[in-house]
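The primary structure of each chain is shown beneath.
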Amino acid sequence: MTNHWIDLKNSDCIFIMGSNAAEHHPVSFKWILRAKDRGAKLIHVDPKFSRTSARCDFHIPLRSGTDLAFLGGFINYIIEENLYFKEYVAEYTNASFIVDDGFKFKNGMFSGYNADKRIYDKTTWAFKKDENGVPLRDRTLQDKRCVFQLMKDHYSRYSLKKVSSITGVSQENLLKVWKTFGATGKKGKAGAICYALGWTQHSVGVQNIRASALIQLLLGNIGVAGGGIEALRGEPNVQGSTDHCILWHILPGYLPMPKARWDSLEAYNKACTPVSNDPQSANWWQHRPAYMVSLLKGWYGDKGTKENGFGYNWIPKADDDGNYSYLYIFDRMYNNKIKGGFIWGTNPAQSVPNTNKVRKALENLDWACFAEVHHTESTDFWRRPGVDPATIKTECFLLPSANRAEKAGSITNSGRWQLWHYQATKPQGQCLSLGDMCVKITNAVRNLYRKEGGTYPEPLLNLDFPAYYDPEKVAQKCNGWFTRDTMINGKLYKKGQQVPSFTALKDDGSTVSLNWLYAGGYTEEELGRKYNKSKRRDWSQTPEQANIGLYPNYSWCWPVNRRILYNRASVDKNGQPWAPDKAVIRWDGSKWIGDVPDGGWPPLATGKGRYPFIMHKEGHGQLFGPGRVEGPFPEHYEPVETPVKKHPFSRQLNNPCAVIFDGEMDKLAAPGDKRFPIVLTTYSMTEHWCGGGETRNTPVLLEAEPQLYVEMSPQLAEEKGIKNGDPVIVESIRGRVEAIAMVTVRMRPLTIQGKTVHEVGMPFCFGWTTPGCGDSTNRLTPSVGDPNTTIPEYKACLVNVRKAKSIKELDI
Ligand SMILES: Nc1nc2c(c(=O)[nH]1)N[C@H]1C(S)=C(S)[C@@H](COP(=O)(O)OP(=O)(O)OC[C@H]3O[C@@H](n4cnc5c(=O)[nH]c(N)nc54)[C@H](O)[C@@H]3O)O[C@H]1N2
Ligand SMILES: Nc1nc2c(c(=O)[nH]1)N[C@H]1C(S)=C(S)[C@@H](COP(=O)(O)OP(=O)(O)OC[C@H]3O[C@@H](n4cnc5c(=O)[nH]c(N)nc54)[C@H](O)[C@@H]3O)O[C@H]1N2
Ligand SMILES: [Mo]
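Residues numbered from 1 in each chain as written. Chains lettered and ligands numbered in written order. Predicted model: local features only at pLDDT ≥ 70, side-chain atom pairs only at ≥ 80, totals over all residues. Heavy atoms only, no water.

S.K.: Could you clarify how one ought to interpret the UniProt feature "domain: Molybdopterin dinucleotide-binding" (unreviewed entry) in the chain in this entry?
M.R.: Cross-referencing UniProt, the feature "domain: Molybdopterin dinucleotide-binding" (unreviewed entry) maps to residues 679–797 in the present numbering. In residues 679–797, helix accounts for 11% and strand for 29%; the two terminal C-alpha atoms are 6 Å from one another. (UniProt positions renumbered as here; feature names shortened; annotations may be inferred. Helix = DSSP H or I, 4+ residues; strand = E, 2+ residues; numbered from the N terminus.)

S.K.: Whenever I open this one, the site of ligand 2 confuses me. Can you help?
M.R.: In the vicinity of ligand 2 there are 27 residues, among which T346, S351, E372, K407 and N778 approach most closely. Protein coverage of the free-state accessible area of ligand 2, which is 910 Å², stands at 89%. Broken down by class, the residue content of the shell around ligand 2 amounts to nine nonpolar, 13 polar and five charged. Split by domain, the residues of the shell around ligand 2 number at least three in each of domain 2 (326–461) and domain 4 (659–809). (Near = heavy atom within 4 Å. Areas by Shrake-Rupley, 256 points an atom, 1.4 Å probe, with all protein chains shown as cover. Nonpolar A, V, L, I, M, F, W, Y, C, P; charged D, E, K, R; others polar. Domains from an automatic or database assignment.)

S.K.: I tried to follow the packing of helix α7 (residues 160–167) against helix α8 (residues 171–182) on my own but got confused; where do I start?
M.R.: Helices that pack against each other are described as a pair by the angle of their axes relative to one another and the distance between those axes. Between α7 and α8, the shortest axis-to-axis distance is 9 Å and the interhelical angle comes to 110°. With respect to each other, α7 and α8 are oriented roughly perpendicular. Between α7, through L160, K161, V163 and S164, and α8, the contact on the second element is made entirely by Q171, L174, L175 and W178. Class assignment for the residues of the contact of α7 with α8 results in five nonpolar, two polar and one charged. (Axes fitted to C-alpha atoms, helices over the stretch in contact; angles between N-to-C directions. Parallel < 35°, antiparallel > 145°, perpendicular 65-115°, else oblique. Contact = heavy atoms within 4.5 Å.)

S.K.: So what exactly am I meant to see when it comes to the site of ligand 1 here?
M.R.: Around ligand 1 sit 30 residues in total, of which D46, D67, L197, H688 and C690 are the nearest. A distance of 2.8 Å is found between an oxygen atom of ligand 1 and a backbone nitrogen or oxygen belonging to N20. The backbone of T686 places a nitrogen or oxygen atom 3.1 Å from a nitrogen atom of ligand 1. Relative to its unbound accessible surface of 910 Å², ligand 1 loses 95% to contact with the protein. Residues of the shell around ligand 1, tallied by class, amount to 10 nonpolar, 14 polar and six charged. (Polar contact = N/O pair within 3.5 Å; in protein donor to acceptor, adjacent residues only side chain to side chain.)

S.K.: It is not clear to me how the nonpolar core should be interpreted in this structure. Could you clarify?
M.R.: Taken as a class, soluble globular proteins show a tendency for nonpolar side chains to be buried jointly. If you look at the biggest cluster of nonpolar residues, it comprises 73 residues, and the most contacted ones within it are F15, F70, F148 and L218. In terms of residues, this core owes the most to one element, helix α4 (residues 67–80), which gives eight residues. Counting contributing residues per domain, this core is built from domain 1 (5–93 + 156–234) and domain 3 (543–606), each supplying no fewer than three. For L218, the residues in contact, after removing those within four places along its chain, are I75, I78, I79, Y84, F85, V89, F148, M151 and L623. (Core = buried A, V, L, I, M, F, W, Y, C linked by side-chain atoms within 4.5 Å. Buried < 20%, exposed > 50% of the residue type's maximum accessible area, 1.4 Å probe, protein only.)

S.K.: Explanation requested: the domain arrangement of the chain in the structure shown.
M.R.: Many descriptions give the size of an interface as the accessible area lost when the pieces come together. Per the domain assignment, the segments of the chain are domain 1 (5–93 + 156–234), domain 2 (326–461), domain 3 (543–606) and domain 4 (659–809). The distance between the C-alpha centroids of domain 1 and domain 3 comes to 24 Å. Taken together, the contact pairs 17 residues of domain 1 with 19 residues of domain 3. Counting the surface lost from both domain 1 and domain 3, the interface buries some 1,400 Å², and carbon and sulfur atoms represent 62% of this. When the area that domain 1 buries against domain 3 is broken down by residue, the three leading residues are Y92, G223 and A225, summing to 35%. In this structure, the connection of domain 1 to domain 3 is made through two salt bridges. Between the two partners, domain 1 and domain 3, sit five residue pairs in polar contact (both at pLDDT 80 or more). Taken together, the residues of the side of domain 1 that touches domain 3 sort by class into eight nonpolar, three polar and six charged. (Buried area = accessible area lost by both parts, 1.4 Å probe. Salt bridge = Lys/Arg side-chain N within 4 Å of Asp/Glu carboxyl O.)

S.K.: Explain the sheet that holds strand β23 (residues 556–557) to me, please; I cannot follow it from the model alone.
M.R.: In any sheet, the strands associate via hydrogen bonds between backbone groups, in a parallel or an antiparallel arrangement. Strand order across the open sheet formed by three strands is β15-β16-β23, with antiparallel pairing between neighbours. Both edges of this open sheet fall to β15 (409–412) and β23, since each of them pairs with a single strand only. Summarising the sheet, β15 and strand β16 (residues 417–421) pair through four bridges and their orientation is antiparallel. Looking across to β16, one finds that G409 is bridged to H421. (Pairing = 2+ DSSP bridges.)

S.K.: Teacher, can you tell me more about the UniProt feature "domain: Molybdopterin oxidoreductase" (unreviewed entry) in the chain here?
M.R.: The positions that UniProt labels "domain: Molybdopterin oxidoreductase" (unreviewed entry) are, in the present scheme, residues 2–380. Between the C-alpha atoms that bound residues 2–380 the distance is 41 Å, and the span itself is 36% helix and 12% strand.

S.K.: Which parts of the structure should I look at to understand the packing of α4 against helix α6 (residues 147–156)?
M.R.: The N-to-C vectors of α4 and α6 enclose an angle of 125°; their axes lie 9 Å apart at closest approach. Considered as vectors, α4 and α6 are oriented oblique to each other. In this structure, α4 crosses over α6, and the sense of that crossing is left-handed. Residue-level contacts link G72, I75, N76, I79 and E80 of α4 to F148, M151, K152, Y155 and S156 of α6. When grouped by side-chain class, the residues that make up the contact of α4 with α6 number five nonpolar, three polar and two charged. (Left-handed = near helix turned anticlockwise from the far one by under 90°.)

S.K.: Honestly, the sheet that holds strand β13 (residues 367–372) in this entry has me stumped. Any pointers?
M.R.: In space, the three strands of this open sheet follow the order β12-β13-β14, with parallel pairing throughout. If you trace the sheet from one side to the other, it starts and ends with β12 (340–344) and β14 (395–400), each paired once. When strand polarity is set aside, the average angle formed by the axes of neighbouring strands in this sheet is 15°. For β12 and β13, the ladder comprises five bridges, and the chain directions are parallel. Among the inter-strand pairings, G341 is bridged to a residue of β13, identified as A368. Set on the sheet, helix α17 (residues 434–452) makes contact with β12, β13 and β14; between it and β12 the angle comes to about 155°.

S.K.: What is the right way to read the packing of aromatic side chains from this model?
M.R.: Aromatic ring pairs are defined here through the distance separating the ring centres and the angle between the ring planes. Within this structure, the stated rule accounts for 48 aromatic pairs. When the ring of F85 is compared with that of W578, the centres are 4.8 Å apart and the planes differ by 65°; the resulting orientation is edge-to-face. Of this pair, F85 sits in the loop between α4 and α5 (86–92) while W578 is found in the loop between β23 and β24 (585–587), placing the two residues 493 residues apart along the sequence. Using a relative accessible area of 8% as the deciding quantity, one classes F85 as buried. Ring geometry for W285 versus W516: centroids 5.3 Å apart, planes at 75°, classification edge-to-face. A residue pair is termed long-range when its members are at least 10 positions apart, and W285 in the loop between α12 (265–272) and α13 (288–300) and W516 in the loop between β20 (511–512) and β21 (522–523) qualify at 231 residues. The two residues W285 and W516 agree in class, both being buried. The aromatic ring of F661 is capped on one face by K357, whose charged end is 4.8 Å from the ring centroid. Sitting over the ring of W417, R563 keeps its end group 5.0 Å from the ring centre. (Phe/Tyr/Trp six-rings, centres within 6.5 Å; stacked < 30°, edge-to-face > 60°. Lys NZ or Arg CZ within 6 Å of the ring centre and 35° of its normal.)

S.K.: Hey, could you run me through the environment of D485 in this one?
M.R.: Relative to the helices and strands, D485 resides in the loop between β17 (481–482) and β18 (486–488). On the basis of relative accessibility, which here comes to 43%, the residue D485 falls in the partly exposed class. In the structure, D485 is positioned 11 residues away from G496 in sequence and 8.2 Å away in space, judged by C-alpha atoms. Beyond its immediate chain neighbours, meaning those up to four positions away, D485 contacts L492, Y493, K494 and K495. Looking at D485, its side chain comes within polar contact range of the side chain of K494, at 3.4 Å.

Below, the structure written as structure tokens:
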């Protein structure tokens with residue numbers, strides 16, 4: 001989230017698209033309703049009517065996977081109706097930048113596409129520069145090659161009529177949303193966008209979010225109170241785990257994963273450290289080498305020296321075309337290329353798409369180690385229905401795990417607040433926390449290396465690794481410390497003393513920090529008095545902070561306790577807030593008051609300031625974003641499985657870079673496949689949690705929601721001769737699922753390109769280890785993903801539905 005939960009109350013309009021916030025993020029909804037009480041309008045755009053829709057001013061249904069058409073049309077509307085915030089757009093975004101002459105967009109494709117490799121060469125996705133290497137600009141936004149004009153051209157194709165016909169949203173409803181949220185483009189008004197899986201789980205997931213960035217930048221809604229783009233994060237602790245690198249393509253603190261061809265720390269730094277020649281651009285990632293070296297010092301301690309690149313060569317490297325996300329891992333496993341591994345605290349045989357393939361893939365392992373609190377579809381894959389355990393070669397280990405109340409540690413919420421979580425009771429029996437298991441196993445392997453030797457021992461034996469797991473110590477190391485006495489602004493920090501913030505981190509080995517973003521959260525301003533700020537429960541605030549619900553002394557948030565990101569965009573060039581009645585920061589002539597500003601420099605007008613979007617090389621909000629895989633402007637592409645044969649305004653139907661597989665278990669229905677005419681979307685529910693491994697083992701929750709169902713409209717039910725409560729079979733080209741029909745007006749047929757298209761919705765929490773509840777919905781979904789993140793397209797695929805001959809056919 002750019003902002004934080006409480007800040008939602010400051011909003012004039014909250015646009016929820018792709019999330020069931022009321023059911024899945026109830027804390028967010030408390031503040032959303034607070035905004036409503038204060039007069040804000042609430043909008044919900046979602047294929048299904050839910051408890052979120054019920055509390056909004058209006059709910060607008062659309063066909064799953066057409067969000068980009070909806071948002072592209074909205075961008076067109078904002079520009080055509082002159083609703084954008086002119087000064088903000090011209091000064092704080094890259095709207096005025098002149099784009100390279102070679103950049104083109106034709107027939108739905110950008111310049112530079114390589115059809116064999118399904119990737120783009122991005123050379124032409126660049127800005128024209130002056131002799132100093134600074135991008136050329138036209139602040140009047142009239143130049144035909146400036147970002148604003150190119151963007152205007154691009155989205156002029158998204159006419160009201162075409163957007164309506166592809167999304168299934170009536171023209172009247174489109175205008176209702178666009179007009180209501182578009183009104184927040186006025187100076188002093190703020191609108192927030194809340195999204196979650198309805199946007200991310202698509203083959204265009206990242207571009208859905210990029211499109212919201214375009215909208216919020218055009219409306220001047222980034223950096224302001226009540227504005228922002230709010231990613232409602234998932235399982236505890238999704239925010240913390242991405243910050244600390246549970247994803248393969250980043251290291252802690254969003255440092256890029258090293259590639260094999262960067263064969264030294266110098267090569268890594270050269271490739272990953274952006275250089276800006278514009279003195280007014282803070283270009284914050286220029287400090288990346290300091291963060292990387294401090295991380296390596298955290299991993300390798302005294303063994304990491306300047307001479308050996310602080311141990312850079314000991315960490316794994318990715319191949320250029322390597323992808324190690326789970327769609328690829330299970331594909332490799334399916335193809336017999338993985339011998340064994342650890343599956344801890346996750347239930348992939350239930351929650352990864354195309355589960356029939358996943359379950360089969362697990363059989364190819366020689367060994368698998370599970371850490372769980374329950375038996376699940378994954379731990380017990382070897383005795384699943386239809387499989388003879390005697391035929392499975394996999395040796396399985398099951399490590400009993402401590403549950404959340406039995407462990408301490410930090411959790412980072414969606415607003416980036418690091419909150420300490422206390423142990424309530426000791427683990428039962430032999431259960432251990434995942435931290436304990438990880439440290440014990442690693443030390444056992446280290447001892448084996450010491451005793452017996454082995455291939456390439458350095459990466460393990462040179463680790464600065466603890467003898468036992470202590471979450472408090474890990475948190476201390478995430479913040480980091482000095483490795484020698486250091487003077488900062490006249491203050492002496494002793495060797496071993498905690499660093500005060502990431503501005504103290506250096507690339508010379510004099511500092512340790514496991515995650516630069518968390519530096520500042522566990523400090524030691526007075527030697528010997530370490531302070532875990534995630535334990536703070538102090539409600540004190542200044543009047544300016546009280547005005548917008550900011551509690552700077554309650555817990556701690558990254559970066560440097562800044563509660564609203566990009567807050568320098570909430571003020572004009574003199575440092576005065578666009579919205580004086582809900583100012584985030586204000587320059588009082590000598591200093592900033594309010595939130596922690598994005599850098600302490602004075603306002604831009606003084607000539608000593610910096611552009612507000614400090615994480616970008618050029619310091620400007622990116623309307624033109626060359627960083628993404630499939631284009632610098634988000635373009636509507638249909639889901640990989642779509643009922644539509646023809647794109648309404650281009651020749652390219654699907655994302656040309658989407659992740660797809662071509663094995664025998666990866667069949668895909670063709671566009672408009674008559675056998676599978678119905679769109680399926682999947683989602684969570686209030687009573688269960690994700691794959692359901694935990695909640696199906698909680699009797700009251702299972703009683704409240706006991707079995708798999710499929711939500712369908714009365715019209716579809718009538719067409720198929722299905723009644724509410726009937727047993728039905730849902731089939732995709734990959735598999736079939738048995739469920740109970742829930743006939744409801746919450747789902748409704750949509751008119752797409754003049755024809756009726758039905759959509760059905762199913763939860764994915766029911767699995768065979770719980771008798772009588774059905775089995776994973778993911779037996780239907782495809783192994784298809786977004787090319788930037790490889791997140792699977794769980795939210796749109798093609799199925800058919802029929803009435804089961806008898807309840808027996810259900811086999812549940
Ligand atoms: N009670 C409960 N709370 C949870 C969870 C849980 O399982 N149970 N899970 C947690 C986790 S891990 C996560 S990631 C979050 C998920 O939080 P959410 O993203 O809110 O959850 P979902 O139910 O997956 O999907 C949200 C909405 O997207 C809609 N949708 C489907 N397809 C589309 C589409 O193409 N476009 C649009 N605009 N909307 C679409 C669905 O109808 C649904 O209403 O919730 C967290 N909170
Ligand atoms: N079709 C479809 N599939 C989806 C989604 C969707 O919207 N649609 N959503 C996706 C999303 S967003 C997510 S996050 C994934 C979630 O998918 P999973 O990661 O499979 O989700 P959970 O069911 O939460 O599985 C976590 C397992 O960890 C166990 N567990 C809980 N606490 C602990 C602990 O402290 N220690 C250990 N060792 N184990 C513990 C639980 O018993 C549970 O079995 O599903 C994805 N799959
Ligand atoms: Mo999630």
